[in-house]
Amino acid sequence: MKAQKYSREGKLLSEIELPAAIFESKYSSGAIYDAIKAENANLRSGNHHTKTRAEVSGGGKKPWSQKGTGRARQGSIRAPQWVGGGTVHGPRKRDYSYKVSPKVKRRAVLSILNKKAQSTAIKIVEDLDPKEFNTKAFATLFNNIGLKNTGVIGFMVGGENDFLKKSVRNIPTVKYINSKRISIRDILYNRNLVITEGALGEILKHYGESK
């Protein structure tokens, strides 16, 4: 499987062969589903909470006598039927997070990369190491590659570079991705995936498999 390789300025250099250990793996929609479901669940704060009658303040005194008033008997003004009373079976704080095994995440990453490579949605670019903030240079790079007005672009780099990260995040359609902390959502939810040579090496190191 092949992909186009570009220079730092966005000039087409050649067409390279992608590592078979990554881009010729078996596709698994089930692994992608499980990994995305886990990431979505882990994003939920779970801080929704309603108070029961035991948690609502007040209501310690019986509102009126049990008998002789002609009204229905009541034990507390914080009972559920009262305005301001406790809630019955309301939402409670909970932890939605759960983990998938490293094997499932690895299969999901390889499946997504494989699928994108088949649809020519992966571009390889030379390693970038800017020494200053320059959003315009990166916008020009993506335009020269031919990704202008093509939707969301996933930009995967090897490691952290503060100049690069802050320059790229000013471009609304570009999603910065660190190859050492890959999110399944980030590599899936984009039209094109631009990968630096260093990031490709990191992927091969962490997710590759011997044939």
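Residues numbered from 1 in each chain as written. Predicted model: local features only at pLDDT ≥ 70, side-chain atom pairs only at ≥ 80, totals over all residues. Heavy atoms only, no water.

(A) Structural detail: the pairing of strand β4 (residues 153–157). Counting buried positions along β4 gives 5 out of 5 residues, so the element sits mostly inside the fold. Burial along β4 is two-sided: Ile153, Phe155 and Val157 facing one way and Gly154 and Met156 facing the other are all buried. Strand direction decides the pairing type here: β4 and strand β5 (residues 174–178), joined by 5 bridges, are parallel. Bridge assignment links glycine 154 to a residue of β5, and that residue is lysine 175. Chirality of the crossover, the property in question, places the unit of β4, helix α5 (residues 162–168) and β5 among those that are right-handed. Of the strand pairs in this sheet, β4 and strand β6 (residues 192–196) are connected by 4 bridges, and their pairing is parallel. (Buried < 20%, exposed > 50% of the residue type's maximum accessible area, 1.4 Å probe, protein only. Helix = DSSP H or I, 4+ residues; strand = E, 2+ residues; numbered from the N terminus. Pairing = 2+ DSSP bridges. Right-handed = clockwise from strand over helix to strand, strands pointing away.)

(B) Structural context of the sheet that holds strand β3 (residues 122–125). The 6 strands are arranged β2-β1-β3-β6-β4-β5 in an open sheet whose pairing can be described as mixed. Each having just a single partner strand, β2 (12–17) and β5 make up the two edges of the open sheet. Within the sheet, the average angular offset between the axes of one strand and its neighbour, ignoring direction, is 25°. Where strand β1 (residues 2–6) lies against β3, 3 bridges are found, and the strand directions are parallel. Its bridge partner lying in β3, tyrosine 6 is registered against valine 125. Most of the contacts of helix α4 (residues 135–145) go to β4, to which it runs at about 115°, and overall it touches β1, β3, β4, β5 and β6. (Axes fitted to C-alpha atoms, helices over the stretch in contact; angles between N-to-C directions. Contact = heavy atoms within 4.5 Å.)

(C) Representation of the domain arrangement of the protein chain in the model. Segmentation of the protein chain into domains returns domain 1 (2–29 + 100–208) and domain 2 (45–95). The C-alpha centroid of domain 2 is placed 55 Å from the C-alpha centroid of domain 1. (Domains from an automatic or database assignment.)

(D) Up close: the layout of surface pockets. By volume, the largest pocket amounts to about 220 Å³. Lining the largest pocket are Arg8, Glu9, Leu128, Asp129, Pro130, Asn134, Ala137, Phe138 and Leu141. A breakdown of the residues in the lining of the largest pocket according to their chemical character gives 5 nonpolar, 1 polar and 3 charged. (1 Å grid on protein atoms, 1.4 Å probe; cavity = no way out; pocket = protein on both sides within 12 Å on 5 of 7 lines; lining within 4 Å. Points joined across faces, edges and corners; volume = space filled by probe spheres on them. Nonpolar A, V, L, I, M, F, W, Y, C, P; charged D, E, K, R; others polar.)

(E) Main features of the nonpolar core. In this structure, Phe23, Leu113, Ile122, Met156, Ile195 and Ile203 are the most contacted members of the largest nonpolar core, which totals 27 residues. Of all the elements in the fold, those that place two or more residues in this core are α1 (20–23), α2 (29–43), α3 (102–118), β3, α6 (184–188), β6 and α7 (197–207). Among the elements that make up this core, the one with the highest residue count is α3 (6 residues). Setting aside anything within four residues of it in sequence, one finds isoleucine 195 in contact with Ile122, Lys123, Ile124, Val125, Met156, Leu200 and Ile203. The next biggest cluster of nonpolar side chains, apart from the first, holds 17 residues, and it includes Tyr6, Leu128, Ile145 and Val168. (Core = buried A, V, L, I, M, F, W, Y, C linked by side-chain atoms within 4.5 Å.)

(F) A look at the packing of α2 against α3. As a packed pair, α2 and α3 sit with axes 8 Å apart at the nearest point and diverge in direction by 115°. With respect to α3, the axis of α2 lies roughly perpendicular. By crossing handedness, the relation of α2 to α3 is classed as left-handed. Two secondary-structure elements touch here, α2 through Ala31, Ile32, Asp34 and Ala35 and α3 through Val104, Arg107, Ala108, Ser111 and Ile112. (Parallel < 35°, antiparallel > 145°, perpendicular 65-115°, else oblique. Left-handed = near helix turned anticlockwise from the far one by under 90°.)

(G) Broad picture of the side chain of lysine 116. Structurally, lysine 116 can be placed in helix α3. Here lysine 116 is buried and forms no salt bridge, its nearest opposite-charge partner aspartate 186 lying at an N-O distance of 11 Å. If we skip the residues at most four places from it in the chain, lysine 116 touches Ala121, Ile122, Ile187, Leu188, Asn190 and Leu193. (Lys, Arg positive; Asp, Glu negative; His and termini not counted. Salt bridge = Lys/Arg side-chain N within 4 Å of Asp/Glu carboxyl O.)

(H) Structural detail: α2. An ideal rise of 1.5 Å per residue puts 21 Å on 15 residues; α2 measures up with 21 Å between its terminal C-alpha atoms. Listing the buried residues of α2 in full gives Ala31, Ile32, Ala35, Ile36, Ala38, Glu39 and Ala41. The inward-facing, buried residues of α2 abut α3 and α6. (Expected span 1.5 Å × (residues − 1).)

(I) Structural view of the packing of aromatic side chains. The full count for this structure, using the stated rule, is 4 aromatic pairs. With centroids separated by 5.3 Å and ring planes inclined at 85°, the aromatic side chains of phenylalanine 142 and phenylalanine 155 adopt a geometry described as edge-to-face. A residue pair is termed long-range when its members are at least 10 positions apart, and phenylalanine 142 in helix α4 and phenylalanine 155 in strand β4 qualify at 13 residues. Among the aromatic side chains, those forming a connected cluster through ring pairs are Phe138, Phe142 and Phe155. Taking NZ or CZ as reference, arginine 44 lies 3.6 Å from the ring centre of tyrosine 96, over its face. (Phe/Tyr/Trp six-rings, centres within 6.5 Å; stacked < 30°, edge-to-face > 60°. Lys NZ or Arg CZ within 6 Å of the ring centre and 35° of its normal.)

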